[in-house]
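# Analysis of the macromolecular model
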Amino acid sequence: MVGKQDLKLLGVAVSPFAIRVRMALRMKGVSYEYVEEDLFNKSERLLKLNPVHKKVPVLIHNGKPMCESLVIVQYVDELFAVAGPAILPADPYERATARFWAAFVDSKLFPPLMGIVMAKTGEERAEKVTETSAAIAQMEEAFAKCSKGKDFFGGDSIGYLDIALGSLLFWFEAVRRMFEAEIINASKAPLLAAWAERFGETAEAKEVVPEADEAVQYAYKLRAAYAAAAAK
């Protein structure tokens, strides 16, 4: 382990974005203090440290807050460059490509995935399933190109894009359990399905990724909260 750092991380156990940061810190072998937040009753500290988005994760390094998971992961990779494996690719083109697809995950994949969870009707949910599946089809092609025949997007071991997409996998399983919607399967996305199994067996995933049942419970709580708000 790297010597103890003045690092604190505000997160939520089922937040894929907080999980990304935890995995990055795990890869670098960095010690830090983890603080669980309640997004249904946000703390004054969270609101003060992230006044723009009021979300987790927030990494506090030497008293300075940093927000947005992909930004934080890059910061961790640069700050602890000599500790643990590199997270981002060394090649500039491959680095840019990884950043592009990570942004795609956040803008084109995660929103419809959560749309499946929050849909009010079966028709709306079916539309979100179609949209999510289309994004997964593109990630299947991306994996074929980025992995170059190896086990992960990052090559022989997980890297930036693996973390970006892998942090969502337990939510895919939650969606399957809740609505019998299997988005990543061997028939439609064989490369990603095999990758997902390998990713789940990594030390980083085993240490910080929660069980899908936790996401299921959180999803029902989230749906109830939105329904209550809409009824006011």
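The notes below deal with the structure included here. The shown structure was predicted, so the numbers you read here are calculated from the model rather than taken from an experiment.

Read from one edge of the open sheet, four strands run β2-β1-β3-β4, paired in mixed fashion. Looking at the sheet topology across the chains shown, the edges are occupied by β2 (33-36) and β4 (64-67). For this sheet, the mean inter-axis angle between neighbouring strands, taken without regard to orientation, is 20 degrees. With four bridges connecting them, strand β3 (residues 58-61) and β4 associate as antiparallel partners. Looking at β4, one finds that Ile-60 is bridged to Pro-65. With respect to the sheet, helix α1 (residues 16-28) is in contact with β1 (7-11), β2 and β3, its orientation differing from that of β1 by roughly 150 degrees. Helix α3 (residues 69-79) contacts β3 and β4 of the sheet and is inclined by roughly 125 degrees relative to β4.

Relative orientation of the contacting elements helix α4 (residues 92-118) and helix α7 (residues 169-179) amounts to 25 degrees, with a least axis distance of 10 Å. As summarised for this structure, α4 and α7 are arranged roughly parallel, according to the angle between their axes. Relative to α7, α4 is oriented so that their crossing is left-handed. Every residue of α7 that contacts α4 at Leu-109, Leu-113, Met-114, Ile-116 and Val-117 is listed here: Trp-171, Phe-172, Val-175 and Phe-179. Residue classes in the contact of α4 with α7 are distributed as nine nonpolar, no polar and no charged.

Quantified by volume, the largest pocket comes out at close to 780 Å³. Considering the residues around the largest pocket, the lining is formed by 26 residues, among which Phe-17, Leu-39, Lys-55, Val-56 and Phe-110 are closest to the centre. Residues that form the lining of the largest pocket fall into these classes: 17 nonpolar, four polar and five charged. In this structure, the second largest pocket encloses a volume near 580 Å³. Taken together, 23 residues form the lining of the second largest pocket, with Leu-169, Phe-170, Glu-173, Ala-196 and Glu-197 sitting closest to its centre. Of all the elements in the fold, those that place two or more residues in the lining of the second largest pocket are α7, α8 (190-200) and α9 (203-208). Along the lines of polarity and charge, the residues of the lining of the second largest pocket split into 14 nonpolar, two polar and seven charged.

Here we take up the environment of Thr-132. Along the chain, Thr-132 falls in helix α5 (residues 122-146). Sequence-wise, Thr-132 and Met-114 are 18 residues apart; in three dimensions their C-alpha atoms are separated by 9.4 Å. When residues no more than four places from it in sequence are discounted, the contact partners of Thr-132 are Leu-109, Pro-112, Leu-113, Ile-116, Phe-172 and Ile-183. Among the polar contacts listed, one links the side chain of Thr-132 to the backbone nitrogen of Leu-113, at a separation of 3.4 Å. At 2.7 Å, the side chain of Thr-132 and the backbone oxygen of Lys-128 are in polar contact.

Here the focus is the pattern of salt bridges. As enumerated under the stated definition, the model contains twelve salt bridges in all. Between Glu-173 and Arg-176 there is a salt bridge, with the nearest N and O atoms lying 2.6 Å from each other. Taken together, the positions of Glu-173 and Arg-176, both in helix α7 and three residues apart, correspond to about one turn of that helix. When its relative accessible area of 23% is taken as the criterion, Glu-173 is described as partly exposed. For Arg-176, a relative accessible area of 34% gives the class partly exposed. If you follow the salt bridges from partner to partner, you end up with Glu-173, Arg-176, Arg-177 and Asp-213 in one network.

Once that is clear, we can look at the nonpolar core. With 78 residues, the main nonpolar core has Leu-109, Met-139, Leu-165, Trp-171, Phe-172, Leu-192 and Trp-195 as its most contacted residues. Among the elements that take part in this core, α4 stands out by supplying eleven residues, more than any other. Among residues more than four places away in sequence, those in contact with Phe-172 are Leu-109, Leu-113, Thr-132, Ile-136, Ile-183 and Ile-184.

What counts and what doesn't
- Residues numbered from 1 in each chain as written.
- Predicted model: local features only at pLDDT ≥ 70, side-chain atom pairs only at ≥ 80, totals over all residues.
- Heavy atoms only, no water.
- Pairing = 2+ DSSP bridges.
- Helix = DSSP H or I, 4+ residues; strand = E, 2+ residues; numbered from the N terminus.
- Axes fitted to C-alpha atoms, helices over the stretch in contact; angles between N-to-C directions.
- Contact = heavy atoms within 4.5 Å.
- Parallel < 35°, antiparallel > 145°, perpendicular 65-115°, else oblique.
- Left-handed = near helix turned anticlockwise from the far one by under 90°.
- Nonpolar A, V, L, I, M, F, W, Y, C, P; charged D, E, K, R; others polar.
- 1 Å grid on protein atoms, 1.4 Å probe; cavity = no way out; pocket = protein on both sides within 12 Å on 5 of 7 lines; lining within 4 Å.
- Points joined across faces, edges and corners; volume = space filled by probe spheres on them.
- Polar contact = N/O pair within 3.5 Å; in protein donor to acceptor, adjacent residues only side chain to side chain.
- Salt bridge = Lys/Arg side-chain N within 4 Å of Asp/Glu carboxyl O.
- Buried < 20%, exposed > 50% of the residue type's maximum accessible area, 1.4 Å probe, protein only.
- Core = buried A, V, L, I, M, F, W, Y, C linked by side-chain atoms within 4.5 Å.

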